[in-house]
Amino acid sequence: MNEISKQEIVLWEGKPAGLSDRFKGIFRLNTTTYTLTTQRIIIKTGLFGKNVEEIELLRVRDLSVVQSIPDRMLGIGSLIVFSDDASAPQLLIRKIRDAQTIKDVLRKAVRDEKAAHNISYRDHI
């Protein structure tokens, strides 16, 4: 593998964008951040202490977008990541803008990462 393919690149960063999250953002209390890179998904939470959850893209099995009617009106949705990760078999990326677009970005990143490691890709993602 050459050096360029080993480099981790940030593909997307975001925060929850529900009504309560927007209110928290005014007071800088919305401390959850989501980061999607070419190698992993990272969720950081916590105002004083920090909790960091990561899933390698190689472990992702399936993706799903969930939107309630109010979510659709606000242009947000939640992305559920199903994985082979023992500590986080389901990871919820909640209340994000353009959830379907982010799902498509994540799907492509998973496909690319698995192809780079010669891992066959399941068509159901």
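What comes next concerns the included structure. (Residues numbered from 1 in each chain as written. Predicted model: local features only at pLDDT ≥ 70, side-chain atom pairs only at ≥ 80, totals over all residues. Heavy atoms only, no water.)

## Quick notes on the overall build of the chain
- Scanning the chain from N- to C-terminus turns up four helices and seven strands.
- Traced from its N-terminal end to its C-terminal end, the chain shows the element sequence α-β-α-β-β-β-β-α-β-β-α.
- Taken across its 125 residues, the chain has 35% of its residues classed as buried.
- For the chain, the share of sequence-separated contacts (at least 6 apart) that also reach a separation of at least 24 residues comes to 44%.
- In the structure as shown, the chain presents an accessible area of about 7800 Å², 52% of it carried by carbon and sulfur atoms. (Helix = DSSP H or I, 4+ residues; strand = E, 2+ residues; numbered from the N terminus. Buried < 20%, exposed > 50% of the residue type's maximum accessible area, 1.4 Å probe, protein only. Contact = heavy atoms within 4.5 Å. Areas by Shrake-Rupley, 256 points an atom, 1.4 Å probe, with all protein chains shown as cover.)

## Some words on the side chain of Asp 71
- Looking at the element boundaries, Asp 71 is found in helix α3 (residues 69–74).
- Those residues in contact with Asp 71 that lie beyond four places of it in its chain are Ile 76 and Lys 95.

## So, unusual backbone geometry
- If you check the backbone angles, Lys 95 has positive phi at about 55° while not being a glycine.
- With a relative accessible area of 26%, Lys 95 lands in the partly exposed category.
- A positive phi angle, near 50°, is found at Asp 98, a position not held by glycine.
- Of note, Asp 98 is situated in the loop between β7 (90–97) and α4 (99–116).

## Side note on the pairing of strand β3 (residues 40–45)
- Sheet analysis places strand β2 (residues 33–37) next to β3, joined by four bridges and oriented antiparallel. Residue pairing across strands places Thr 35 opposite Ile 42, the latter belonging to β3.
- The sheet contact formed by β3 and strand β4 (residues 51–56) spans six bridges and is antiparallel. Within the sheet, the bridge partner assigned to Lys 44 lies in β4 and is Val 52. (Pairing = 2+ DSSP bridges.)

## Quick word on the nonpolar core
- Ranked by internal contacts, the top residues of the largest apolar core, which has 20 residues, are Ile 41, Val 81, Ile 93 and Leu 106.
- Contributions of two or more residues to this core are made by β2, β3, β5 (60–66), β6 (76–83), β7 and α4.
- When residues in this core are grouped by element, the largest group, five residues, is from α4. (Core = buried A, V, L, I, M, F, W, Y, C linked by side-chain atoms within 4.5 Å.)

## Details of the sheet that holds β3
- Spatially, β1-β2-β3-β4 is the arrangement adopted by the four strands of the open sheet, whose pairing is antiparallel. Edge positions in the open sheet fall to β1 (10–14) and β4, since each of these has one partner strand only. Between one strand and the next, the sheet's axes are offset by a mean angle of 10°, whatever the strand orientation.
- Bridge count between β1 and β2: four bridges; the pairing is antiparallel. In the sheet register, Val 10 faces β2, and the bridge partner there is Thr 37. (Axes fitted to C-alpha atoms, helices over the stretch in contact; angles between N-to-C directions.)

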